[in-house]
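Given next are the chains, with one letter for each unit.
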Amino acid sequence: MRANRTNTPSFLLALLASLSGLVASPARAADPVAVKFALDRPIDAVAAPFVMAQTGGLFSAEGLNVATSVAPSTQEAITRVATGASDLALVDINALIRHRDKEKPGAPLPMAIFVLFNQAGYSIIARKSRGIQTLADLPGKSLGVVEGDPAAKFWPAVAKQNGIKLSAVKQSAISPAVREPMLSAGQVDAVTGSSFLSAINLRDRGVPADDLVLLKLADYGSEAYGYAIIANPAFAAAKPEALKGFIRATIGGLQLTIRDPDSAIEQVMSRMASGSREIEAERLGVILRENILTSEVRRSGLGGIDPARFDKSIGQIAEDFKFLKRPVAADVFDDRFLPPLDRRLIN
């Protein structure tokens, strides 16, 4: 499955038409349901749909009182949901898959209930001045493999699929804190990262845009989905209507973001300790075009997964991870809370 990298007006109009009526949803109950929602990274453009759902009154219209917190890592966000410290979280679905596999039998296992990023932004970011134009140029070059980076975990499968021997690439483990500085300083030829994070952040560090090359793993065979909303199983069982309302409000927040990205960025910036409006606007554009509004979403709607593609992505995870029990889609993703009519798109 490949992403549609054109953001056509007809697609956007169809999306907005399919989501009409979400903003004016009536309140579900006199007493709002408290929902503890965690992000796995500081607020930036990634969080725009949730910020807009909050500021636009969509959560309250669904009878929800949503309190958003920021976890210091993806694993911590997942742990918070597993223990009930958070009811919901936005995390990388592939990190959730690995977490579920290593937990002891009987441990509470969060489930994904809505995929926001239909395509992960996993990438290798390189400098053209170091002789890299395509993935095939990596043998003989130095690659900074960032510890804990989800792109790094899919790199072995993509390398194998493209006939690249890992031993032919000079790989070195580096920390996230030095990823951009090392590439900027020329200490490595390329780094693992994300199309909507590292690639944009590097330009903010003064690396000439025409010297950067973004090798998106999806262009080389990666089937990975990205960010998903996950839910605590006890909360899901006790408050199913709250989960449905949260998803409806999230879709409505996405609608508002698409309609008025400038306002979305303004709201996001007001919640950031620091940052560049230009960078966040660029980040939001990349996210909408490449990660959320993909060709698969155009065909099948928002929030769901394709079981066949999901199974392929599991196989790619297995190149870097030994499963105790290889999962299937139904083990990880619960589609009971998706609003079917709101997910459909009209061509």
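Right above here is the structure, for reference.
Here's what I pulled together on the structure shown here.

Procedures and definitions
Residues numbered from 1 in each chain as written. Predicted model: local features only at pLDDT ≥ 70, side-chain atom pairs only at ≥ 80, totals over all residues. Heavy atoms only, no water. Helix = DSSP H or I, 4+ residues; strand = E, 2+ residues; numbered from the N terminus. Buried < 20%, exposed > 50% of the residue type's maximum accessible area, 1.4 Å probe, protein only. Contact = heavy atoms within 4.5 Å. Areas by Shrake-Rupley, 256 points an atom, 1.4 Å probe, with all protein chains shown as cover. Salt bridge = Lys/Arg side-chain N within 4 Å of Asp/Glu carboxyl O. Pairing = 2+ DSSP bridges. Axes fitted to C-alpha atoms, helices over the stretch in contact; angles between N-to-C directions. Polar contact = N/O pair within 3.5 Å; in protein donor to acceptor, adjacent residues only side chain to side chain. Arc of directions from axis to C-beta. 1 Å grid on protein atoms, 1.4 Å probe; cavity = no way out; pocket = protein on both sides within 12 Å on 5 of 7 lines; lining within 4 Å. Points joined across faces, edges and corners; volume = space filled by probe spheres on them.

A few points about the overall build of the protein
Scanning the protein for helices and strands turns up 16 helices and ten strands. Relative to its 347 residues, the protein shows a buried fraction of 56%. For the protein, restricting intrachain contacts to residue pairs at least 6 apart in sequence, the fraction spanning at least 24 positions comes to 82%. Total accessible area computed for the protein in this model is approximately 14200 Å², and 52% of it derives from carbon and sulfur atoms.

Considerations on the pattern of salt bridges
When the charged atoms of two side chains with opposite charge come close together, those side chains can pair. Enumeration according to the criterion identifies 16 salt bridges in this entry. With a closest N to O distance of 3.2 Å, Lys160 and Glu319 form a salt bridge. On the criterion of sequence distance, the pair formed by Lys160 in helix H6 (residues 150-161) and Glu319 in the loop between helix H14 (307-317) and helix H15 (329-332) is long-range, its members being 159 residues apart. Glu319 gets classed as partly exposed once you look at its relative accessible area, which sits at 38%. Note that Glu180 and Arg179 form a salt bridge whose closest N and O atoms lie 3.7 Å from each other. Residue classification places Glu180 among the buried positions, given a relative accessible area of 9%.

Details of the sheet that holds strand S8 (residues 190-194)
Two modes of strand pairing occur in sheets, parallel and antiparallel, and in both the strands are linked by backbone hydrogen bonds. Reading across the sheet, the five strands line up as S7-S6-S8-S5-S9 and stay open at both edges, with mixed pairing between neighbours. Lying at the two open borders of the sheet, with one neighbouring strand each, are strand S7 (170-174) and strand S9 (212-216). Recorded for the sheet is a direction-independent mean angle of 30° between the axes of neighbouring strands. Where strand S5 (residues 122-127) and S8 come together, five bridges link them in antiparallel fashion. For Ala126, the partnering residue across the bridge sits in S8 and is Ala190. Against the sheet, H6 touches S5, strand S6 (142-146), S7 and S8, its axis set at about 90° to S5.

What to know about the side chain of Arg179
Topologically, Arg179 is positioned in helix H7 (residues 179-185). For Arg179, a relative accessible area of 13% puts it in the buried group. Here Thr192 takes part through its backbone oxygen, which lies 2.9 Å from a polar atom of the side chain of Arg179. Aside from chain neighbours lying at most four places away, what touches Arg179 is Val146, Asp149, Ile174, Val191, Thr192, Gly193 and Ser198.

Focus on helix H11 (residues 261-269)
Where H11 is concerned, the buried positions are Ala264, Ile265, Val268 and Met269. What you see down the axis of H11 is that its buried residues fit within an arc of 130°, all on one side. Buried residues along H11 sit against helix H2 (48-55), helix H10 (240-259) and helix H12 (277-292).

Topic: the layout of surface pockets
Any empty space left between the atoms is revealed when a probe the size of a water molecule rolls over them. Estimated volume of the largest pocket: approximately 1200 Å³. Lining of the largest pocket is provided by 49 residues; of these, Asp40, Arg41, Arg179, Leu197 and Tyr227 occupy positions nearest its centre. Breaking the lining of the largest pocket down by element, the ones donating at least two residues are helix H4 (74-83), helix H5 (93-102), H6, H7, S8, helix H8 (198-204) and H12. The leading source of residues in the lining of the largest pocket is H5, at five residues.

Here we look at the sheet that holds strand S3 (residues 88-92)
Reading across the sheet, the five strands line up as S2-S1-S3-S10-S4 and stay open at both edges, with mixed pairing between neighbours. Taken across any chain shown, the strands that pair with only one partner, and hence form the sheet edges, are strand S2 (64-70) and strand S4 (111-115). Across the sheet, the mean angle from the axis of one strand to that of its neighbour is 30°, orientation sign disregarded. Relative to strand S10 (residues 227-231), S3 is paired through five bridges, and the arrangement is antiparallel. Its bridge partner being in S10, Leu90 is matched across the sheet by Ile229.

Topic: the pairing of S4
Here is the key point about a regular strand: its side chains alternate between the two faces of the sheet. Among the five residues of S4, five are classified as buried, and the element is accordingly described as predominantly covered. Bridging between S4 and S10 involves four bridges; their strand directions are antiparallel. In the strand pairing of S10, Val115 is matched with Ala228.

Comments concerning the environment of Thr68
Locating Thr68 in the fold gives a position in strand S2. Residue classification places Thr68 among the partly exposed residues on the basis of a relative accessible area of 43%. With 31 residues separating them in the primary sequence, Thr68 and Phe37 have C-alpha atoms 4.8 Å apart. Discounting chain neighbours no more than four positions away, the residues touching Thr68 are Phe37, Leu39 and Gln54.

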